[in-house]
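Observations on the three-dimensional arrangement
Chain residues, written in single-letter form:
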Amino acid sequence: MAKGRRYLIAGNWKMNGFKKDGKELAKAVAKHLKAAGKDDLPFDLLVCPPFTLIRGVGKAIKGSGVKLGAQDCHAAEKGAHTGDISAPMLKDLGCEFVIVGHSERRTNHGEKDADVKAKAEAAIAAGLTAIVCVGETLEQRDKRQTLAVNRRQVKGSLPKGANARNTVVAYEPVWAIGTGRTATPEQAQEVHALIRAELVKALGEKAGQAVRILYGGSMNPKNAKELMAQPDVDGGLIGGASLKADDFWAVAQGCL
Ligand code: 13P
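Residues numbered from 1 in each chain as written. Predicted model: local features only at pLDDT ≥ 70, side-chain atom pairs only at ≥ 80, totals over all residues. Heavy atoms only, no water.

Moving on: the side chain of D44. Within the element layout of this structure, D44 appears in strand β2 (residues 43-48). A distance of 2.8 Å separates polar atoms of two side chains, one belonging to D44 and the other to R6. The residues contacting D44, other than those within four sequence positions of it, are R6, Y7, L8, I9, K67 and R212. (Helix = DSSP H or I, 4+ residues; strand = E, 2+ residues; numbered from the N terminus. Polar contact = N/O pair within 3.5 Å; in protein donor to acceptor, adjacent residues only side chain to side chain. Contact = heavy atoms within 4.5 Å.)

Take a look at the structure:
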């Protein structure tokens, strides 16, 4: 991480947990932050539970400094969209962040860059920070398309009016998600540097340098420090390891 940016450690709980689990996990995360003294830490801590747990988790972390987010939103503000949740609804529940364009959404729900961009713009309009995900598949990496794919996704998914307050980018190589196979720090930095260059091109030097770029994909307490030591890795988007408060906290210790 370069000077001037603050780490963001974000837990993506995906489709896991019932009321009791969510509350316990959230309270345990908050307890770690409290014990550490939240004022002088170099990172923000964020949890993104499934929609059903947002309200309970919000209550459990109230006043703790742990931030609340969601995993997706619809691009429209309201209307006839059965089963969908809008960005203003998330804001109403106390969310500050929303993940958009996760590869599991792109794959399972056919979301394209233009959809992701529209969702990110809806998030920003609602006063949320959009965490915009990009990343190549193994096939694309093997065909040496990694940089082209990530460049195309950043260009196509970046919301209008993006800045360091309302937008975060997450690089999540699809082959590293839930596989136990992590990008090496060099592989991560190579793509993060490309994303940084695209951000600078799109937003100008100052804003482009200020936007945080997270790494996601089998990040764990063992590999977090090395990854976050890279100049353009400004935190993590953590799946599996975010479901255990001690592991999630141990990942955050990689920022120190
Ligand atoms: P894992 O940490 O389980 O690989 O998941 C990463 C991810 O997809 C976070 O959004």
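For the rest of this paragraph, the subject is helix α1 (residues 19-36). For α1, with 18 residues, the first-to-last C-alpha span of 26 Å sits near the 26 Å given by 1.5 Å per residue. Taken together, the buried positions of α1 are G22, L25, A26, V29, A30 and L33. The arc enclosing the buried residues of α1, seen along the axis, measures out at 130°, which places them on a common side. In α1, the exposed positions angled more than 90 degrees off the buried face are occupied by K20, K31, K34 and A35. Of the surrounding secondary structure, the elements contacted by the buried residues of α1 are β2, α2 (54-61) and α11 (245-252). Just past α1, the residue G37 takes up positive phi, approximately 80°. (Expected span 1.5 Å × (residues − 1). Buried < 20%, exposed > 50% of the residue type's maximum accessible area, 1.4 Å probe, protein only. Arc of directions from axis to C-beta.)

Residues in contact with the ligand, as listed here, are N12, K14, H102, E172, A176, I177, G178, G217, S218, L237, G239 and G240. Between an oxygen atom of the ligand and a side-chain N or O atom of H102, the distance comes to 2.8 Å. Backbone polar atom of G240 to an oxygen atom of the ligand: 2.8 Å apart, as the coordinates give it. Protein burial of the ligand: of its 310 Å² of free accessible surface, 94% is covered by the chains. The residue makeup of the shell around the ligand, split by class, is 3 nonpolar, 7 polar and 2 charged. (Near = heavy atom within 4 Å. Areas by Shrake-Rupley, 256 points an atom, 1.4 Å probe, with all protein chains shown as cover. Nonpolar A, V, L, I, M, F, W, Y, C, P; charged D, E, K, R; others polar.)

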